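Spelled out, the chains give:
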Amino acid sequence: MTKLGIGLQLYTVREETANDFAGTLTKVAEMGYEGVEFAGYGGLSAEEMKALLEKLGLKAIGSHIGLERLEGQLEEEIAYLKTIGAKYAICPYVGDDRRADEEAWKTLIGKLDEFGEVFAKNGLQFCYHNHAFEFEAKVDGKFVFDAMYDRVSPERLQVEIDLGWVQYAGQDPLEYVAAYKGRLPLLHLKDFREGPADQPIDTVELGNGDLDLPQLISAAEQADVEWIIVEQDRCANPPLESVQTSIEWLKNNYLNV
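These numbers come from a predicted model, not from an experiment. (Residues numbered from 1 in each chain as written. Predicted model: local features only at pLDDT ≥ 70, side-chain atom pairs only at ≥ 80, totals over all residues. Heavy atoms only, no water.)

**Q** Sorry, what's going on with the sheet that holds strand S2 (residues 35–38) here?
**A** In sheet architecture, strand pairing relies on hydrogen bonds along the backbone and comes in two forms, parallel and antiparallel. Ordered by their spatial adjacency, eight strands build a closed barrel running S1-S2-S3-S4-S5-S8-S9-S12, and the pairing between neighbours is parallel. Pairwise comparison of adjacent strand axes, ignoring direction, gives a mean angle of 25° for this sheet. With three bridges connecting them, strand S5 (residues 125–129) and strand S8 (residues 158–162) associate as parallel partners. Paired with Tyr 128 across the two strands is Val 159, which belongs to S8. Of the strands in this sheet, S2, strand S3 (59–64) and strand S4 (88–91) are in contact with helix H5 (residues 74–84), which crosses S3 at around 165°. (Pairing = 2+ DSSP bridges. Helix = DSSP H or I, 4+ residues; strand = E, 2+ residues; numbered from the N terminus. Axes fitted to C-alpha atoms, helices over the stretch in contact; angles between N-to-C directions. Contact = heavy atoms within 4.5 Å.)

Structure below.
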């Protein structure tokens, strides 16, 4: 069991990176985040990004890569990740049109298998990031989430569990972290809180929601997770303030878990 790395999914600060990518990463590094997971590169070349990360002492964890780019710019994405020293490529989301029924899911899972083979041949690890809908549909009589990993080998597809979405889907995050021990290098630490009827769920800063974060972090350590990655889909407060609050919670609580 090794100490978990603490990263940030940059989608959380997407408006800030759109205005000033380098300046935003500088602030993220100053907060104490050890690594970042990309959701776009702000127009920086791979060489420019590598130099920026080295200057700031940040590690490139990996990148969320949409299906369109996986299908059309796969080699370009591989080259970028290898240049910046990232290890992981992650499919972050599946649109409605790609998951209309069980057959559509089977087709998509076959695609993930193909992508994973190419990434593996290039020394990279492919992962899938869940939402709630993977627990609302079934393939082979199992939740899509589980069927996906049954159908694709660990060598070609690893797990990036988003704990907030697992709980929102009515499943037990602790059980899922334990179930995928050894196949779960990346874990999105996202806190949820019940809200008003017109917006029944929302993401909040770590420690302000309903998830049992201390138990989940302990479970992550036991499951050989490499990185816990802070992500907040929507921030009621300014995003940089929110990610500061979240890492302060981790600094104050993680060592005591």
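**Q** Teacher, can you tell me more about the environment of Gly 182 here?
**A** As for its placement among the helices and strands, Gly 182 is situated in the loop between helix H9 (173–179) and strand S9 (186–189). C-alpha separation for the pair Gly 182 and Gln 158, spaced 24 residues apart in sequence, amounts to 9.1 Å. The residues contacting Gly 182, other than those within four sequence positions of it, are Gln 158 and Ala 223.

**Q** Before we go on, may I ask you to explain the side chain of Gln 125 in this structure?
**A** Tracing the backbone through its elements, the reader meets Gln 125 in strand S5. Here Gln 125 is in contact with Lys 87, Tyr 88, Ala 89, Pro 154, Glu 155, Arg 156, Leu 157 and Gln 158, once residues within four sequence places are set aside.

**Q** Would you take a moment to explain the layout of surface pockets for this structure?
**A** To find leftover empty space, one rolls a probe the size of a water molecule over the atoms. A volume near 330 Å³ is recorded for the largest pocket. Along the walls of the largest pocket sit 19 residues, with Tyr 11, Ala 39, His 64, Pro 92 and Tyr 93 positioned nearest its centre. Taken together, the residues that form the lining of the largest pocket break down as seven nonpolar, seven polar and five charged. (1 Å grid on protein atoms, 1.4 Å probe; cavity = no way out; pocket = protein on both sides within 12 Å on 5 of 7 lines; lining within 4 Å. Points joined across faces, edges and corners; volume = space filled by probe spheres on them. Nonpolar A, V, L, I, M, F, W, Y, C, P; charged D, E, K, R; others polar.)

**Q** Explain helix H6 (residues 102–121) to me, please; I cannot follow it from the model alone.
**A** Spanning 20 residues, H6 covers 29 Å between terminal C-alpha atoms, matching the ideal 28 Å at 1.5 Å per step. On its buried side, H6 packs onto helix H4 (67–72), H5, S4, S5, strand S6 (138–139) and helix H7 (144–151). Of the residues flanking the start of H6, the one acting as N-cap is Asp 101, its side-chain oxygen 3.2 Å from the backbone nitrogen of Glu 103. (Expected span 1.5 Å × (residues − 1). Polar contact = N/O pair within 3.5 Å; in protein donor to acceptor, adjacent residues only side chain to side chain.)

**Q** Is there a simple way to think about helix H3 (residues 46–56) in this case?
**A** Think of an α-helix as 3.6 residues a turn; residues three or four steps apart then line up on the same face. Residues of H3 that are buried: Ala 46, Met 49, Leu 52, Leu 53 and Leu 56. Taken down its axis, H3 places every buried residue within 125° of arc, on the same side. Across from the buried face of H3, at angles greater than 90 degrees, the exposed residues are Glu 47, Glu 54 and Lys 55. Lining the buried residues of H3 we find helix H2 (21–31), S2, S3 and H5. Once H3 ends, the next one or two residues include Gly 57, with phi positive near 70°. (Buried < 20%, exposed > 50% of the residue type's maximum accessible area, 1.4 Å probe, protein only. Arc of directions from axis to C-beta.)

**Q** Can you help me understand the state of the cysteines in this one?
**A** A disulfide bridge is the covalent bond that connects two cysteines by way of their sulfur atoms. According to the stated counting rule, one finds zero disulfides in the structure shown. Cys 127 forms no disulfide, and the closest cysteine sulfur to it belongs to Cys 91, at a distance of 11 Å. Looking at Cys 127, the relative accessible area reads 0%, which means it is buried. (Disulfide = S-S within 2.5 Å.)

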